[in-house]
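Examining the three-dimensional arrangement
The residues making up each chain are set out below.
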Amino acid sequence: MRFLKGHGTENDFVILPDPDGELDVSASLVAKICDRRTGIGADGVLRVARTKQSHEVAEQASAAEWFMDYRNADGSVAEMCGNGVRVFARYLIDAGLVEHAEFAVATRGGLRKVRVEPNGDVTVDMGRPVVHGESVATVGSHEYTGLYIDMGNPHLACAIGDPVAQLDLAHQPGFDTGVFPGGVNIELFNPVGTSRAVMRVFERGSGETRSCGTGAVATAVAAASLSGDSTGTWTVEVVGGTLTVILDEDTSYLSGPAVIVASGELMLAE
């Protein structure tokens, strides 16, 4: 099985090219691949499949040739991944599978339009964030109130007074399972000055990651709401680098670096 490895601000992924839909990618295989000691190591797996051959998203085939079949590190299926889409797009460009710098990618969370910038960064139209109200995350003995934001996948973005660098995110933060029965990605952030935030994230199915694209957008939405804004450009500092989020009246955009760093043959088996 051929694979590639890529990352966007150190949110890393194993890419499995599967243009003919021949791979049987089970949850257990994904977990083995993502294991950082006995596998390749990654925050998730991106299977590259033709949209028309993927029944889950076949209705998107007229707009997007390629489907990003994203799996979390534990093997669970996910709707969307912002950094994953950007790395996926970088792979399509480098492999010559798309002809133009702007194109659409099919995901379980809906179509995502991407653009490769002149400097090599990849920008993705993340769609319009949907705010559902407030909920609470618990880290240790501390409770933090945040916004429930739907980015195609669920997020709870919490502005906190404690420095995020000092948080212990070795374990899943607590959350209201009545609000999030399928789990939730939790962002904890410090607003810093004007239009800037420092963020850490605990992703469902993957644990703490060094970056999260959908989480960066959710953080920008939550940070903007603190000052009564809904639009603007935000810089979101994550452990693995810096992302730019643009919020307008109709949608949101995520921009940052995405690189492919390795390729090879996978010899793991079920």
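Here we summarise the structure given alongside this text. Note that the coordinates shown come from a computational prediction; the quantities given were computed from them, not determined experimentally.

Here is what the cut-offs are and how they apply
Residues numbered from 1 in each chain as written. Predicted model: local features only at pLDDT ≥ 70, side-chain atom pairs only at ≥ 80, totals over all residues. Heavy atoms only, no water. Helix = DSSP H or I, 4+ residues; strand = E, 2+ residues; numbered from the N terminus. Rg over C-alpha atoms; globule rule 2.2 N^0.38 Å. Buried < 20%, exposed > 50% of the residue type's maximum accessible area, 1.4 Å probe, protein only. Contact = heavy atoms within 4.5 Å. Areas by Shrake-Rupley, 256 points an atom, 1.4 Å probe, with all protein chains shown as cover. Lys, Arg positive; Asp, Glu negative; His and termini not counted. Charge placed at Lys NZ, Arg CZ, Asp CG, Glu CD. Pairing = 2+ DSSP bridges. Axes fitted to C-alpha atoms, helices over the stretch in contact; angles between N-to-C directions. Phe/Tyr/Trp six-rings, centres within 6.5 Å; stacked < 30°, edge-to-face > 60°. Salt bridge = Lys/Arg side-chain N within 4 Å of Asp/Glu carboxyl O.

1. Some points on the overall build of the protein chain
Helices and strands together make up the secondary structure of the protein chain, namely 3 helices and 17 strands. Over its C-alpha atoms the protein chain spans a radius of gyration of 18 Å, differing by no more than 12% from the 18 Å that the globule rule assigns to 270 residues. By principal-axis analysis of the C-alpha atoms, the protein chain measures approximately 50 × 40 × 30 Å. Burial analysis of the protein chain (270 residues in total) assigns 52% to the buried set. Partitioning the contacts of the protein chain with sequence separation of at least 6, the portion at a separation of at least 24 is 61%. Carbon and sulfur atoms form 48% of the exposed surface of the protein chain, whose accessible area is close to 11500 Å². When the 20 basic and 36 acidic side-chain charges of the protein chain are each reduced to a single mean position, those positions are 4 Å apart.

2. Comments concerning the sheet that holds strand β1 (residues 2–8)
Strand order in the open sheet formed by 5 strands is β4-β3-β2-β1-β17, with mixed pairing between adjacent strands. With one partner strand each, in any of the chains shown, β4 (66–72) and β17 (259–265) form the two edges of the open sheet. The mean angle between the axes of side-by-side strands here comes to 25°, regardless of whether they run parallel or antiparallel.

3. What about the packing of aromatic side chains?
In this structure the tally under the stated criterion is 3 aromatic pairs. On the numbers, 4.6 Å between centres and 70° between planes, the contact of Tyr148 with Phe180 is edge-to-face. Placement of Tyr148 in strand β9 (residues 142–150) and of Phe180 in the loop between β10 (154–159) and β11 (185–191) is noted, with a sequence separation of 32 residues between them. Accessibility expressed as a relative area gives 2% for Phe180, which makes it buried.

4. Focus on the pattern of salt bridges
It is possible for side chains bearing opposite charge to pair when their charged atoms get close. Under the criterion given, the structure shown has 16 salt bridges. A salt bridge links Arg108 to Glu56; the nearest nitrogen and oxygen atoms lie 2.7 Å apart. Taken together, the residues Arg108 in the loop between β5 (102–105) and β6 (112–116) and Glu56 in the loop between β3 (44–50) and β4 connect sequence positions 52 residues apart. According to the relative accessible area criterion, Arg108 is partly exposed, its value standing at 22%. Glu56 gets classed as partly exposed once you look at its relative accessible area, which sits at 41%. Across the salt bridge formed by Arg115 and Glu117, the nearest N and O atoms sit 2.9 Å from each other.

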